Structures are given as structure tokens and as C-alpha cells.
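Chains, contacts and geometry: an overview
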Amino acid sequence: MSLLKTENVVMQFGGVTAVNDLNIDIKKGELAALIGPNGAGKTTAFNVITGVYAPTKGKVLFSPVDSLGVANEIDITAKKPNKITNLGIARTFQNIRLFKELTVFENVLVATHQNVNFNFLSATLRLPKAVKGEIKAKQDCELLLDRMGLIDFKDEKASSLSYGKQRHLEIARALATDPQLLLLDEPAAGMNPQETDELTDLILRLKTDFGLTIFMIEHHMDLVMEISDHIYVLDFGCTIARGTPDHIQNNPKVIEAYLGVDADVED
Amino acid sequence: MENIQHRFGAYIKIHWKTIIFLVFVLITIGLADQFVNSYIRRLLNLCAIYTIISLGMNLVNGFTGQFSLGQAGFMAVGAYTVAIFTVPIEARATIFYLAPMTPLLANIQLPFIVALLLGGFVSAGFAFLIGGPCLRLRGDYLAIATLGFSEIIRIVFTNTQTITNGALGIKSIPTITSLWWSYGIALIIIILMILLINSSYGRAFKSIREDEIAAEAMGVGLFKTKMTSFMIGAFFTGIGGGLFAALLGTVDPKQFYFTLTYNFLLIIVLGGMGSISGTVIASFIVTLGQEWLRFLDEPMAFGLDLPIFRPGLRMVVFSALLMVIVLFYRKGIMGTNELTWDFIGKKIKTIKSKFNRKKPSAQGGDSK
């Protein structure tokens, strides 16, 4: 059963076609990866899915499972980013975008704001409904920070964390929105081998323990080949290959995109 | 019942220092109300009113990170609402002598507190209208747009002769604002601000200040949240404006030039964008400082007729002082910190440790 589908998505900026005819089909519970050389349009594809950009053409369809276990397909094309997050797609950013001046705990708590069922007046006056909601959000977030190994840094400013921990916090914050699909934009960028290993474990845990469907952009090929179920390869906005890691590794088009073509062979 | 008692006990235990401080403040207000002369009383009133208005501005600029300069306009709305609805009906004919007041309003007189709240709500209503187009803009553009709207409000008030008495302004407003009124309301608004900022909504405001894109990706509706902040800020400012009108007893459009907004901008920058206690401290520093430096404007300041002591020097010195403060405390006096007991304790500790470190070197005799 597919959770996220894009149908012939085209994204043009003036004369530049950043994404051309993108067709993605991510099954529920799957770990998919989007790879490609620099400037291939990977982040643009993420931005179209999360509503940052409205695609020039095409459709983005999301089928979240509601509380009764029924999946309803929703057209999320060009919806506002916060609406899409409400529906169950959370994301992290390529260049970490934490709320730097806020504490680790506050960073995660912000993500629960979308679920508030009380208005600002009852929040200010601390009416029972608001107090109850606040307590529940705080408990949930503490639990989450504990699971993510960040509970010891709870009251520290986000900017004071180490780089690796900041990446973890960004993932924790995305999880706090209670997503069904998690989009990770280069989670291992700038990490040393040890941090990358930790991250690999974490992503696998997200898949198994949290039951999340994950779609990630990544340049660390070891990481991608090790854990993904399905890989999409983009080059100049076009999908040049899709399939299992084994399939991708031996695909001549992919090798060509990454390594270039030998001048002699081309003839 | 026992639970409530228990919670009350716990509350006292945590906040006893604050409660003692509040009692101290109340006693001070009481004493001031009895014993100080009207000049100082007016200054103290202004401090409280500027605190209220600056808090409203800090909510939008400091906590939500939206650079808005419409403060003078919202203040005018609050001030005029109080003026229109509290001026005695008998006096209206003489005040509106060029054109009589519109019959819709001519016979309505409201109690001060109702008019004050109404001023807040009308101001928030204006914020709603202005926010629609303006809050879609960012940074400097928002500042210019709100500045423009504040001027529009002033010019509209100058020309609605039958409602606001135009350029003549409204006189004989009952001067109800006393130290109890201004400090009472300031205290309520400070408490409301603290509660709001430490709620889920406060965190949403701050997340927008920190990173709009990330906030939106975390499910915070940008427009709605900004609008909430903008309207609450305008509400506070309207209340402040209402108190201002009832302090002076007269309003006219010239009081609400956009330069007035810079006063509040100064206060929040000096106090710290995103600090409630900083705003309160800076309101006092700016309001009192501008008054106490007045001796510089007099030609015979130090018993000598020095050519530089001329009207205007006060502002030169004041600006220089501000530059010094901004140079050394780039984020304002408080930054985004709050003056909590923990904060004071930590400060005292660092100062103490500095002294302890200096002692051995002083014994060595190589430094002061």
C-alpha cells in the first residue's frame, strides 16, 4: 500500500527545470532513499512534497492512516507546509534549522503546538484544558527525548549542542509532530564515521520501533546501500533509475551520472 | 480541596520571594501615591504606561520576531477610544465646537474601565485589519508597511472631525489614571505576558522568531500565529494608550507622530528584544533618564554660561549614553534572559567569584 505518491511532478524556476516528471511511490513501512549528484533536484523534490514550493505541474498524493486504521488518499499538492505536517509528514533540513535560542526541550515542544485544542486565552489564563494539554505534551516530549538519548541536555540551548546531537535533536523534533512519513534531508552530512554509524542505528530504530516510513536524501553511499529498501536516482531533475540497492549499484546510467562517461566508450 | 490547598502551599514555597517583592512594590506605590509631588507622580505613571506599551511591542518584535513599527497608531486608537467614551456629555458641545459630535456617539458615556478595555479591543481590531495585508511581508517591508498604517490612522483621526474633533483634539478627559490604575494594569499585563510566553503559544511565537521555515515545517501556522501575537500586542498598546489619555486629560493627533514609536523601540532594544523584565527596566531608564537629563538643556547648568548647554543637549547626551550601552550590551540589558531569582543568584555568584579571583593578585601587588 503506498503512503506517498507523486504523479508527474514538474518544478520549474523561470527557465530552469529543477525537477522533471518525478514519479515516486513510497510504500508504507518502507525506507526509501533519493540520491543523485549535486544539483540534481533532490531537495527541491522534498520542498515540493512538504509544500514549500507549489509544483508547476503534477500531483502529490498522501495516504495517511487515520485512528481507525483506514487510509484515505489526500491530494496535498501545494498545501501549506504546516497543513502537510498536520497530516503526518515531518522533515529535517539539509542545513540544520533548529530554534537555536530555545532549549532542547522547547524545540521539541514547539512541534506539539499543532495539536493544541485550546486557544491562547485559556493557555494564558491556565484553564484546566490548557494545563492538561500542556502536561501531556511535556510528558510525551520527555519520553521522546529519553528515547532519543537527549534527556540529559533537556534544558540546554539547542545551539550549545554538538553537531551530531543537533542532528539528533532535529530528528527528535520532527518525531514530536507524530508523523507517519519522515523526510530526512542529508541526515549524515558533515558527520564523522562514528556519528554516521550512530545515525544508521537510529534510522533503523525509527523504522522498527516507531513504525515510521522514511524517505531520505543522502550522499553517504555505504549508508544508503546498507539500509534502504528502495532507491530513486535523480540527475538534472530526471529520474534515471529506481529499484533495490543491488539493482542501482549495477545500473550503468547511475554509474555514468556519478562518475561521468569515458570519452572512448561514448563513441 | 486538600489538593488545592496542597498546590497553593507548593506555589507559595516556590514563589515566596516574588510574593514578598510584589508586596514591597504595592507598599511603594501606596507610599508614592500619598507622599510624592505631582511631577514625580506623573513620571512614575508614564513609566508604567510605557512599560505596558513596550511590552505590547516586544511581544511582536522581540518574541515573534516581526519588525513592526505601528505602535503609535495603536496607542492613538486606544487613547481616542477612552477619550471619546469618557468625556462628560455636558462638556462635549464646547469641545466639539467646530462640528458637533456625531449623534451615534454623542450620548454614550462609558465607565473608565469599560472604555479602557474597549480601547484595547478596538486597537486589536485595527491590528486585525492591518495585519491581513501586512503580516504577509517580512523584515523591513513589514516595518515600513506598519509605519505607514500608523501614520494613516493618525491622519484619519485628524480628519474625522465629528468623531475625534480633528486637529483640535479632545480636551477635559477625566484624569482617572492614578498610580494604582497604571501600576495595577501594568502588573496584570506583565503577569499575562509571562503566562502567555511560557505557554504553547509563547513557544510558537519564539519558534517563528528563530526560524520561520522550520516553524512552519513543525506545524506552526505562520500567518495565524503572527496575527495572534500582533493582535495581543495591539491590545496591550491600546490599553496603554487609554491610560495615557486619562493621564494627560487631553488627546490630539500630534501626540501620536510616528516618532513616538521610536521611544518604544528604544525601550525594547535597550531592555532586550524578547525579555519582559528587560522591557520593564528599560521603560524606567528611558522615561526617567530623559527627564533627569533635562538640566543639560539649561544654559546655566553648572553655574557657568557654557555655550554647549542649550536646549537639545539632553538628547545628545542621552543618545551617547545609549550608544555606550548598546556597544557593551549588544543584545540589550537583559538579552533574552529574564530577571528571575535564579538569574540574580547566578549573577551574584559570578561577581563574587570575580572578586575572589582578584584577591590573590591584589596581594601580589601587581594590579589594583
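Residues numbered from 1 in each chain as written. Chains lettered and ligands numbered in written order. Predicted model: local features only at pLDDT ≥ 70, side-chain atom pairs only at ≥ 80, totals over all residues.

**Quick word on the overall build of chain B**
Helix and strand counts for chain B come out as 16 helices and zero strands. Over its C-alpha trace chain B gives a radius of gyration of 23 Å, about what one expects of a compact globule, namely 21 Å for 368 residues. Structurally, chain B occupies a C-alpha span of about 80 × 65 × 50 Å along its principal axes. Expressed as a percentage of the 368 residues in chain B, the buried residues total 41%. In chain B, the share of contacts with a sequence separation of at least 24, taken over all contacts with a separation of at least 6, comes to 80%. (Helix = DSSP H or I, 4+ residues; strand = E, 2+ residues; numbered from the N terminus. Rg over C-alpha atoms; globule rule 2.2 N^0.38 Å. Buried ≥ 20, exposed ≤ 12 C-beta atoms within 10 Å, placed from the backbone. Contact = placed C-beta atoms within 7 Å.)

**Observations regarding the nonpolar core**
Ranked by internal contacts, the top residues of the largest apolar core, which has 158 residues, are Val 108 and Ala 172 of chain A together with Ile 52 and Ala 83 of chain B. Setting aside chain neighbours within four positions, we find Ala 172 of chain A in contact with Val 108, Leu 144, Leu 145, Met 148 and Leu 150 of chain A. (Core = buried A, V, L, I, M, F, W, Y, C linked by C-beta atoms within 7 Å.)

**With respect to the pairing of strand 9 (residues 230-235) of chain A**
On a regular strand, one side chain projects to one face of the sheet and the next to the other, so that they alternate. Residues and elements named next belong to chain A. Within strand 9, five of the six residues are buried, leaving the element largely enclosed by the surrounding structure. Where strand 3 (residues 31-35) and strand 9 come together, four bridges link them in parallel fashion. The partner of Leu 34 across the bridge, within strand 9, is Tyr 232. Strand direction decides the pairing type here: strand 9 and strand 10 (residues 238-243), joined by five bridges, are antiparallel. Note that in strand 10 the partner of Tyr 232 across the bridge is Arg 242. The turn linking strand 9 back onto strand 10 is made up of two residues, and Phe 236 within it adopts a positive phi angle of 50°. (Pairing = 2+ DSSP bridges.)

**Things to note about the domain arrangement of chain B**
Residue and element names in this part refer to chain B. As far as domains go, chain B holds domain 1 (1-35) and domain 2 (36-360). Computed over C-alpha atoms, the centres of domain 1 and domain 2 are 27 Å apart. On the domain 2 side, the residues contacting the five residues of domain 1 number eight residues. Its residues assigned to classes, the side of domain 1 that touches domain 2 comprises three nonpolar, no polar and two charged. (Domains from an automatic or database assignment. Nonpolar A, V, L, I, M, F, W, Y, C, P; charged D, E, K, R; others polar.)

**What to know about the environment of Ile 76 of chain A**
All names here are of chain A. By secondary structure assignment, the location of Ile 76 is in the loop between strand 5 (74-75) and helix 2 (81-87). It is 5.6 Å that separates the C-alpha atoms of Ile 76 and Val 60, two residues lying 16 residues apart in sequence. When near neighbours in sequence (up to four residues on either side) are disregarded, Ile 76 contacts Gly 51, Val 60, Phe 62, Ile 84 and Leu 87.

**Here we look at helix 1 (residues 42-49) of chain A**
Residues and elements named next belong to chain A. When you tally the buried positions in helix 1, you get seven out of eight residues, the bulk of the element. Residues Lys 42, Thr 44, Ala 45, Phe 46, Asn 47, Val 48 and Ile 49 constitute the buried set of helix 1. Among the residues trailing helix 1, Gly 51 stands out with phi positive, at a value near 90°.

**Regarding the packing of helix 6 (residues 112-134) of chain B against helix 12 (residues 222-248) of chain B**
All names here are of chain B. The contact between helix 6 and helix 12 brings their axes to 7 Å, and the two run at 140°. With respect to helix 12, the axis of helix 6 lies oblique. The two elements helix 6 and helix 12 cross, and the hand of that crossing is right-handed. In terms of residue class, the contact of helix 6 with helix 12 is made up of 17 nonpolar, eight polar and no charged. (Axes fitted to C-alpha atoms, helices over the stretch in contact; angles between N-to-C directions. Parallel < 35°, antiparallel > 145°, perpendicular 65-115°, else oblique. Left-handed = near helix turned anticlockwise from the far one by under 90°.)

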